[in-house]
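So you can see what is in the structure, the chains are spelled out below.
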Amino acid sequence: MTDRWFMAEAIEVDGVGVIGGKFKEMTLPRPYYQDSAVTIYHGDCREILPLLPKVDLVLTDPPYGVGGGSGTVGKSRRTKHDYLTFEDTLEHVIREIVPRFREAMALSDRAITTPGSLALCHYPQPDSFGSMIQPATVGMQKWGSADSQPIFYYGRDPRVGKAIGKCSFVVTGRPEANGHPCPKPLGFWKKLMLRGSLDGEIVLDPFMGSGTTLRAAKDLGRKAIGIDICERYCEIAAKRMSQEVLDFSSHSKPAQPEPRAG
Ligand SMILES: C[S@@+](CC[C@H](N)C(=O)[O-])C[C@H]1O[C@@H](n2cnc3c(N)ncnc32)[C@H](O)[C@@H]1O
């Protein structure tokens with residue numbers, strides 16, 4: 001099923017802009033994957049964001065501009081997976097990614113993002129700041145080891161007045177090797193999800209990659225919309241969505257062999 005929206009086109013009357021003169025029908029593309037909690041769109045978020053309704057939180061990990069161009073191998077990250085269709089130059093992040101992030105922010109009163117350390121000064125001024133501290137170090141920078149990444153918070157903490165939440169997190173868990181060049185560790189991402197949203201709320205990730213935001217949302221009783229420009233990443237994310245949440249209580253004891261008859 002596709003959702004239909006109508007967008008007003010601005011027209012000019014005697015040099016004055018008037019909104020609502022003409023209506024152009026805009027249709028959301030058919031979801032690549034959908035279940036009761038998650039919807040995945042394959043496409044450029046530039047085209048999909050204007051068609052989406054309001055959400056409760058934008059939680060996203062956009063390209064960082066670390067130098068991998070479309071089709072190049074992500075040597076800087078020492079990953080065996082290549083950057084398939086997304087460009088990851090700093091110029092591209094400034095020209096294309098930051099404006100899209102602003103559009104996504106306009107759909108919500110709250111946003112949390114990990115902008116990367118190279119591009120961070122090109123993002124809108126955050127309301128709060130934190131760090132993802134990685135003592136094991138994930139690379140090198142000009143002044144030494146790259147052992148933390150910024151976290152930008154926009155809008156208000158949904159639990160303001162009830163509890164004082166942490167803004168920085170020590171991350172020791174590794175991301176799962178799922179075929180994406182730079183997935184975020186699920187445990188860490190769940191902490192950001194819990195910081196930024198309440199039970200049952202809707203979370204949007206316009207740069208979802210392998211769907212870590214969506215998996216976190218599903219595991220934590222939220223709903224989520226994810227977009228990625230690369231079909232292979234949509235496929236990886238869709239596969240992750242169809243894995244049911246494991247109930248460890250029922251898996252805690254190894255199965256006993258069947259007693260032999262006779
Ligand atoms: C840093 S990765 C996100 C990784 C994700 N956090 C995960 O755990 O797998 C950024 C993603 O943005 C996607 N992307 C880049 N430009 C895009 C665009 N214009 N629209 C939608 N997705 C885009 C890339 O394909 C890439 O998968």
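Structure: above.
Residues numbered from 1 in each chain as written. Predicted model: local features only at pLDDT ≥ 70, side-chain atom pairs only at ≥ 80, totals over all residues.

Draft legend 1. Summary view of the sheet that holds strand β13 (residues 223–228). The nine strands are arranged β3-β4-β13-β12-β5-β6-β10-β7-β11 in an open sheet whose pairing can be described as mixed. Lying at the two open borders of the sheet, with one neighbouring strand each, are β3 (33–34) and β11 (169–170). Where strand β4 (residues 38–42) lies against β13, five bridges are found, and the strand directions are parallel. Each bridged residue has a counterpart across the sheet, and for H42 the counterpart in β13 is D228. This element, helix α2 (residues 90–105), spans β5 (57–60), β6 (111–113), β10 (148–154) and β12 (202–205) of the sheet and lies at about 155° to β5. Contacting β4, β5, β12 and β13, helix α4 (residues 212–219) crosses the sheet at an angle of about 170° to β13. (Pairing = 2+ DSSP bridges. Helix = DSSP H or I, 4+ residues; strand = E, 2+ residues; numbered from the N terminus. Contact = placed C-beta atoms within 7 Å. Axes fitted to C-alpha atoms, helices over the stretch in contact; angles between N-to-C directions.)

Draft legend 2. Looking closely at helix α3 (residues 186–196). Among the residues of α3, those classed as buried are F188, W189, L192, M193, R195 and G196. In an axial view of α3, the angular spread of the buried residues amounts to 160°, which keeps them on one side of the axis. (Buried ≥ 20, exposed ≤ 12 C-beta atoms within 10 Å, placed from the backbone. Arc of directions from axis to C-beta.)

Draft legend 3. Just the packing of α3 against α4, in detail. One way to put it is that α3 packs onto α4 with a least axis distance of 9 Å and a crossing angle of 65°. With respect to each other, α3 and α4 are oriented roughly perpendicular. With respect to the hand of their crossing, α3 and α4 are arranged in right-handed fashion. Seen from α3, the contacting residues are L186, W189, K190 and M193; seen from α4, they are T212, T213, R215, A216, A217 and D219. Taken together, the residues of the contact of α3 with α4 sort by class into five nonpolar, two polar and three charged. (Parallel < 35°, antiparallel > 145°, perpendicular 65-115°, else oblique. Left-handed = near helix turned anticlockwise from the far one by under 90°. Nonpolar A, V, L, I, M, F, W, Y, C, P; charged D, E, K, R; others polar.)

Draft legend 4. Structural detail: the nonpolar core. Within the largest apolar cluster, 48 residues are counted, with the highest numbers of intra-cluster contacts made by V55, V58, V203, L204 and A237. Discounting residues that sit within four places of it in the chain, V55 has contacts with L107, S108, I202, V203, L204 and I225. (Core = buried A, V, L, I, M, F, W, Y, C linked by C-beta atoms within 7 Å.)

Draft legend 5. Spotlight on the site of the ligand. Neighbouring the ligand are 22 residues, the closest being D61, F207, G209, S210 and T212. Among the secondary structure elements, those contributing two or more residues to the shell around the ligand are α1 (45–48) and β13. Classifying every residue of the shell around the ligand gives 12 nonpolar, four polar and six charged. (Near = placed C-beta within 6 Å.)

Draft legend 6. Broad picture of the pairing of β12. The alternating pattern of β12 places I202 and L204 and V203 and D205 on opposite faces, both of which are buried. The sheet contact formed by β5 and β12 spans two bridges and is parallel. Pairing of V58 across the sheet is with L204, part of β12. Note: β12 against β13, four bridges, orientation parallel. Bridging from a neighbouring strand, V203 pairs with A224 of β13. Handedness of the β-α-β unit built from β12, α4 and β13 comes out right-handed. (Right-handed = clockwise from strand over helix to strand, strands pointing away.)

Draft legend 7. Spatial organisation of helix α5 (residues 231–242). In this model α5 runs 17 Å from its N-terminal to its C-terminal C-alpha over 12 residues, within 8% of the 16 Å that 1.5 Å per residue would give. Those residues of α5 lying buried are Y233, C234, A237, A238, R240 and M241. One face of α5 carries all of its buried residues, which in axial projection span an arc of 160°. (Expected span 1.5 Å × (residues − 1).)

Draft legend 8. Up close: the environment of P99. Structurally, the position occupied by P99 is in helix α2. On the basis of neighbour counts, which here come to 11 C-beta atoms within 10 Å, the residue P99 falls in the exposed class. In sequence terms P99 and R46 are 53 residues apart; their C-alpha atoms lie 9.0 Å from each other.

Draft legend 9. Looking closely at the environment of P206. Take P206: it is sitting in the loop between β12 and α4. Taking the number of C-beta atoms within 10 Å as the measure of exposure, P206 has 27 and is therefore buried. When neighbours within four sequence positions are excluded, P206 is seen to be in contact with C45, L49, T60, R100, A104 and I227.

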